[in-house]
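# Architecture and fold: a report
So you can see what is in the structure, the chains are spelled out below.
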Amino acid sequence: TARQYEDTGYRQVRHKEALRTDQKWQTQIQDHILDTIDSLRSSSGLSVNAFAIESEIPDNTLKPIIAKEVCPTIPTLIRLCNYFGLPLWKFFLITDGENHNGHQKSKEMLELFELLEPKYKDLLLYIAKELGK
């Protein structure tokens, strides 16, 4: 029937829109990962070659990542995070354009937060949420 045809057409359009949104979202995530890696490397003051040596990641693996040609595998990303002293989950907390100093402040804040008693964590979260309004 006409109604079924319209529903099918509508679903196909929605499916195509969802795929475009997923692809855009995936591209943004990949760009963020690559930008963050390069930002951390730049703030360390190391050249790409020195960074490969220091991080113990082969330069044929690292150079395409720094050139933003490929996204790192999870094991490579974990090795990079280990080099910078970051758990993987904290790597994804680094925001776009944040400099190394900002990263250090965030890292220090998270480390101090983890030392707090649960009631103080709740209080600090409440204060931060109120200040963010």
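Here goes a summary of the coordinates provided. (Residues numbered from 1 in each chain as written. Predicted model: local features only at pLDDT ≥ 70, side-chain atom pairs only at ≥ 80, totals over all residues. Heavy atoms only, no water.)

## Topic: the overall build of the chain
Under the convention used in this document: We count a stretch as a helix when DSSP gives it H or I for four or more residues in a row; a strand needs E for two or more, and each element gets its number in order from the N terminus. Each residue's exposure class comes from its accessible area (1.4 Å probe, protein chains only) as a fraction of the maximum for that residue type: buried when under 20%, exposed when over 50%, partly exposed otherwise. In what follows, a contact means two residues having at least one pair of non-hydrogen atoms within 4.5 Å.
Counting secondary structure elements, the chain contains 7 helices and 0 strands. Its helices and strands in sequence order give the chain the pattern α-α-α-α-α-α-α, from N to C terminus. Looking at the 133 residues of the chain, the share that counts as buried comes to 23%. Of all intrachain contacts in the chain linking residues separated by at least 6 positions in sequence, the fraction that spans at least 24 positions is 51%.

## Observations concerning a nonpolar patch on the surface
The following threshold applies: Patch criteria: residues need more than 30% relative accessible area and no salt bridge. Like-charged residues are merged within 9 Å; nonpolar side chains of Val, Leu, Ile, Met, Phe, Trp and Tyr are merged within 5 Å. Per-residue and other accessible areas were derived by the Shrake-Rupley procedure at a 1.4 Å probe size, with only the shown protein chains allowed to occlude residues. Within this document, salt bridges are pairs made up of a side-chain nitrogen of Lys or Arg and a carboxyl oxygen of Asp or Glu, the two lying within 4 Å of each other.
Among the surface-exposed residues, Leu 116, Tyr 120, Leu 123, Leu 124, Tyr 126, Ile 127 and Leu 131 lie close enough to one another that they form a single nonpolar patch of about 690 Å² accessible area. Here Leu 124 lies in helix α7 (residues 118-131).

## So, the packing of aromatic side chains
Here is the rule: Stacked, tilted and edge-to-face are the three classes applied to pairs of Phe, Tyr and Trp rings, where Trp contributes its six-membered ring and a pair requires centres within 6.5 Å; stacked means planes under 30 degrees apart, edge-to-face means over 60, and tilted covers the rest.
Throughout the structure, instances matching the rule amount to 3 aromatic pairs. Judged by centre distance (5.5 Å) and plane angle (70°), the rings of Phe 51 and Tyr 83 are edge-to-face. Pair noted here: Phe 51 is in helix α2 (residues 48-55) and Tyr 83 is in helix α4 (residues 74-84), with a separation of 32 residues, a long-range link. The partly exposed category is assigned to Tyr 83, whose relative accessible area is 30%. Connected via pairs of aromatic rings, a cluster forms that spans Phe 51, Tyr 83 and Phe 84.

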